[in-house]
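Commentary on secondary and tertiary structure
The residues making up each chain are set out below.
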Amino acid sequence: MGSNEKNNKKCVYLDYNGTTPIYPPVVESMLPYLTEHFGNPSSSHHFGQEPKRAVNQARQSVLRLIQQTSSDGGTDKSSIVFTGCGTEANNLAIRLSLLSSQHKADDNGLIHVVSTNIEHPAITQCLDSYSAQGGLSPRISVTYVPVNDEGIVFADDVINAIRPNTALVTIMTANNEVGSIQPVFEIAKLCREKQILFHTDAAQAVGKIDLRGLANPTTGADMVTVVGHKFGAPKGIAALYIRPTCLNENGRKNPEDGGSVLLMGGGQEGGRRGGTENVPYIVGMGRAAEMLLEKRQSPLHQNDNVDGWEYNSLHMEAMRKRLLLNLILGLENGSLDFVRTNGPSDPKQRLPNTLSVGLKGIRSGALLAKIGNIVACSAGSACHSSSSQTMSYSSILKAMNVPPEYAIGTLRLSVGPDTTEEEVDFAGDVIVEEAKKQLGL
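The rules behind each value
Just so you know, the residues in each chain are numbered from 1, in the order the chain's sequence is written. The predicted nature of this model means local features are confined to residues of pLDDT at least 70 and side-chain atom pairs, given and counted, to a pLDDT of 80 or more, with totals for whole chains, interfaces and linings taken over all residues. Where side-chain values are given, they derive from all heavy atoms of the structure, hydrogens and water being excluded. In this analysis, the protein atoms alone were mapped onto a 1 Å grid. Cavities are point sets where a 1.4 Å probe fits without being able to get out; pockets are open sets with protein on both sides within 12 Å along at least five of seven lines; lining residues have an atom within 4 Å of a point. Grid points are joined across faces, edges and corners, and a volume is the space filled by probe spheres set on the points. All amino acids are sorted into three groups, where Ala, Val, Leu, Ile, Met, Phe, Trp, Tyr, Cys and Pro are nonpolar, Asp, Glu, Lys and Arg are charged, and the leftover types, Gly among them, are polar. Strands here are runs of E lasting at least two residues and helices are runs of H or I lasting at least four, both read from the DSSP assignment and numbered beginning at the N terminus. The score called pLDDT rates the predictor's confidence residue by residue, from a low of 0 to a high of 100. Whether two residues are in contact is decided by their heavy atoms: any pair within 4.5 Å suffices. Any Lys or Arg side-chain nitrogen located within 4 Å of an Asp or Glu carboxyl oxygen qualifies as a salt bridge. Only protein chains enter the accessibility calculation, which uses a 1.4 Å probe; a residue whose area is less than 20% of its type maximum is buried, one above 50% is exposed, and one in between is partly exposed. Here the expected span of a helix is defined as 1.5 Å times the quantity of residues minus one.

Let's shift gears to empty space enclosed by the protein. Rolled over the atoms, a probe sized like a water molecule indicates the empty space that remains. Under the defined criterion, the tally for this structure stands at one cavity of 30 Å³ or more. By volume, the largest cavity is sized at about 70 Å³. Leu65, Val206, Gly207, Ile209, Asp210, Leu211, Arg212, Leu292, Leu293 and Trp309 together form the lining of the largest cavity. Taken together, the residues of the lining of the largest cavity sort by class into seven nonpolar, one polar and two charged.

Written out as structure tokens, the structure is:
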């Protein structure tokens, strides 16, 4: 394919793990709250009534993604706290856990936290800020449990890391780079038995796998982070599920009794987060959540109906497989040496849309610089130097023991519900052509 032909084509988007477009029904749902229903949901007068109703409906819609609910919405919607982003939700979960568990501090005044070595910086940097060098209190120590070579942590290893002063276990539901799904349902149940708070960042998992039951009141997680822009809602809106009473159990004392612990102000979100609610974005997140549970005709069996998330999942898995096959056929040339997938080999243990692929002999940074206006994707590595001795790559790939010759050439290709076969085929051709140039083929 010539360069002129490629330049005339629209750029193909394969970075759905970075963010998703706002889906048209979501935009449509938001518009009335940017115009007619502009009122403050905290206002008691007429103009506050419809925004307040819409915000509460959105709470219920988001809650249904992670908790089996009755048809009449009988669950506690107050367990959903809307935030400005996933980072804020993660920070809030950690702070609430630590402040409520100060009785767990050991003789050195340290509270213990368990996590993994592949977490998002919104978790790791927040935890670092409570370390001895970080300056925030209460002070903590952290055990980062290693994952295996497929990017999965074993539940037993997590539980074995718990100490008498452990207050919190925080583990992502699915990794944003390689798509590995963690055994969070099992870990949540075991933590509940151990009377330890469990939080999971489900940002990458929502809309791709079934999470209903993750917030089961009896056996599920105590806190769950959900991020709107990862499943068709706008950027700038997220939510934290907080299981009712979890901060008052087993010797814990709810720090929110005196008000918000992160954003102090007007007492919005049931006193948990100051600041007027972003009604249009909240409504959009609620509508995106509803779309994931709306029935659609199965792409595999015409007589079967499936939930929206499952319909999307089946489609994305097919697009991922097609893209990987294109890369293998284009680069292997009878050899099995050039292309290596990173992450779980079992499709049930990884996100259906995520392809982390290492191309031997390739520098992903250089490749992306060439194709970035034609194919939008990201690197699993960052090459900072032309010298192989100083070349660096993703800490996630290092934690998984990915061979350096593949790690430095890793691309993260993440498809979405609207990705087409034509786009996948075009993107595969572009990547193969540029990779061959680097390889001198």
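Text resumes after the structure shown.
So, about the layout of surface pockets. Estimates place the volume of the largest pocket at around 390 Å³. Lining the largest pocket are 25 residues, and of these Tyr23, Arg296, Asn312, Pro417 and Asp418 lie nearest its centre. Every element with two or more residues in the lining of the largest pocket is listed here: α2 (24-30), α8 (279-293) and α9 (308-331). Of the residues forming the lining of the largest pocket, the biggest block, five residues, is contributed by α9. For the lining of the largest pocket, the per-class residue count stands at 14 nonpolar, six polar and five charged.

What follows covers the confidence of the model for the protein. Overall, the prediction assigns the protein a mean pLDDT of 91, with 93% of residues at 70 or greater. When the criterion is pLDDT under 50, residues 1-8 qualifies, and its contacts beyond four places in sequence or with other chains add up to nine contacts. Predicted confidence is poor over residues 70-74, with pLDDT under 50, and the contacts of this stretch with residues over four places away or in other chains come to one contact.

Before going further, it helps to spend a moment on the pattern of salt bridges. Summed over the entire model, instances satisfying the criterion amount to 20 salt bridges. In this structure, Asp210 and Arg212 form a salt bridge, with 3.0 Å as the shortest nitrogen-oxygen distance. Take Asp210: its relative accessible area is 33%, and that puts it in the partly exposed class. With its nearest N and O atoms 3.2 Å apart, the salt bridge here joins Lys360 to Asp337. Separated by 23 residues along the polypeptide, Lys360 in the loop between β12 (354-359) and α10 (364-371) and Asp337 in the loop between α9 and β11 (339-342) bring together distant segments of the chain. The class of Asp337 is partly exposed, set by a relative accessible area of 31%.

Here we come to helix α4 (residues 86-100). Between its first and last C-alpha atoms α4 spans 21 Å; for 15 residues at 1.5 Å apiece the expected length is 21 Å, and the two agree. Counting buried positions over the 15 residues of α4 gives 12, a clear majority of the element. Among the residues making up α4, those that are buried are Gly86, Glu88, Ala89, Asn90, Leu92, Ala93, Ile94, Leu96, Ser97, Leu98, Leu99 and Ser100.

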